[in-house]
Amino acid sequence: MQYWLFKSEPDEYSIDSLKAEKNSIGRWDGIRNYQARNLIRDDIKVGDGVLFYHSSCKTVGIAGFASVVSEPYPDPLQFDPESKYFDIKATQDKPRWVSIDIKYESHAKSFLPLTTIKATPALDDMVLVKRSRLSIQPVSKDQWAFIVNATKTDLQR
DNA sequence: GCCAACGTTGGC
DNA sequence: GCCAACGTTGGC
């Protein structure tokens, strides 16, 4: 089992959006970065764990947990001229971009802000800290375990 | 809204 | 294949 971090802008698609989907399963689409695509296509497997990260918003950080529930398949948006993710160079025979489905697992009982991640020595090797722009990135087993532990009690109360 | 850090494009 | 110009991401 492997672990990953997926970034999403909560104004577009938040962990609550995922939870609200039918069976709490949503399609992760609109990936238009080759590195991220290659991870989805080649490395990410059914059953892998996903950290759901909220980016470009008031408080950025890890909002909850999900899991991978499908094999990769062609992203339908690349064929849709109405979509902002339409790609004129993609064809049904030779699709360029892939999606996978993920399933909501849980909210972090305490939201883990990026500022805390950066201030935590156990987490400062995260790709998030080092190469912040990658929208899908690997997370180590130790990082995952640390984050599961760090978010399981609500420190706000 | 600014801007740094990338990633992509396209001329040569 | 280089690299300048341009576009995008994403924190602040």
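Look a little higher up for the structure.
These numbers come from a predicted model, not from an experiment. (Residues numbered from 1 in each chain as written. Chains lettered and ligands numbered in written order. Predicted model: local features only at pLDDT ≥ 70, side-chain atom pairs only at ≥ 80, totals over all residues. Heavy atoms only, no water.)

**Overview of the overall build of chain A**
Here is the rule: Numbered from the N terminus, helices here are DSSP runs of H or I no shorter than four residues, and strands are runs of E no shorter than two. Put simply, the radius of gyration uses C-alpha atoms, and a globule should come to 2.2 Å times the residue count raised to 0.38. Type-normalised accessible area, obtained with a 1.4 Å probe on protein chains alone, sets the label of each residue: buried when under 20%, exposed when over 50%, and partly exposed for intermediate values.
Per the secondary structure count, chain A includes five helices and seven strands. For chain A, the sequential pattern of α-helices and β-strands runs β-α-β-α-β-β-β-β-α-α-β-α. Whereas a compact globule of 157 residues would reach a radius of gyration of roughly 15 Å, chain A reaches 16 Å, a difference of no more than 12%. Counting only C-alpha atoms and orienting by the principal axes, one finds that chain A spans roughly 50 × 30 × 30 Å. Out of the 157 residues in chain A, the part that is buried amounts to 43%.

**Quick word on the side chain of S67**
To be explicit about the condition: We call two N or O atoms a polar contact when they sit within 3.5 Å, provided that within protein one can donate a hydrogen and the other can accept it, with sequence-adjacent residues counted only if both atoms are side-chain atoms. Contact criterion: two residues are considered in contact whenever any of their non-hydrogen atoms come within 4.5 Å of each other.
By the secondary structure assignment, S67 is in strand β4 (residues 61-68). Among the polar contacts listed, one links the side chain of S67 to the side chain of E105, at a separation of 2.6 Å. If near-sequence neighbours (up to four positions away) are discounted, S67 is found in contact with D48, D101, I102, K103 and E105.

**Focus on helix α5 (residues 141-150)**
Worth spelling out the cut-off: What the arc measures is the spread of directions leading from the helix axis to the C-beta atoms.
Q143, W144 and I147 are the residues of α5 that are buried. Take α5 and look down its axis: the buried residues cluster within an arc of 100°, on one side only. With respect to the buried face of α5, the exposed residues turned more than 90 degrees away are K141 and D142. Contacts made by the buried residues of α5 are with β1 (3-8), β3 (49-54), β4, β6 (98-113) and β7 (136-139).

**Remarks on the protein's contact with DNA strand B**
Counted only if it meets this: The criterion for a residue being near a molecule or strand is simple. One of its heavy atoms has to lie within 4 Å of it. When residue character is reported, Ala, Val, Leu, Ile, Met, Phe, Trp, Tyr, Cys and Pro are called nonpolar, Asp, Glu, Lys and Arg charged, and the others, Gly included, polar.
If you check the shell around DNA strand B, you find Y34, Q35, R131 and R133 and nothing else. In DNA strand B, atoms within 4 Å of the protein come 44% from sugar and phosphate. With respect to DNA strand B, the side chain of Q35 contributes an N or O atom lying 3.2 Å from a phosphate oxygen. Counted by class, the surface near DNA strand B contains one nonpolar, one polar and two charged residues.

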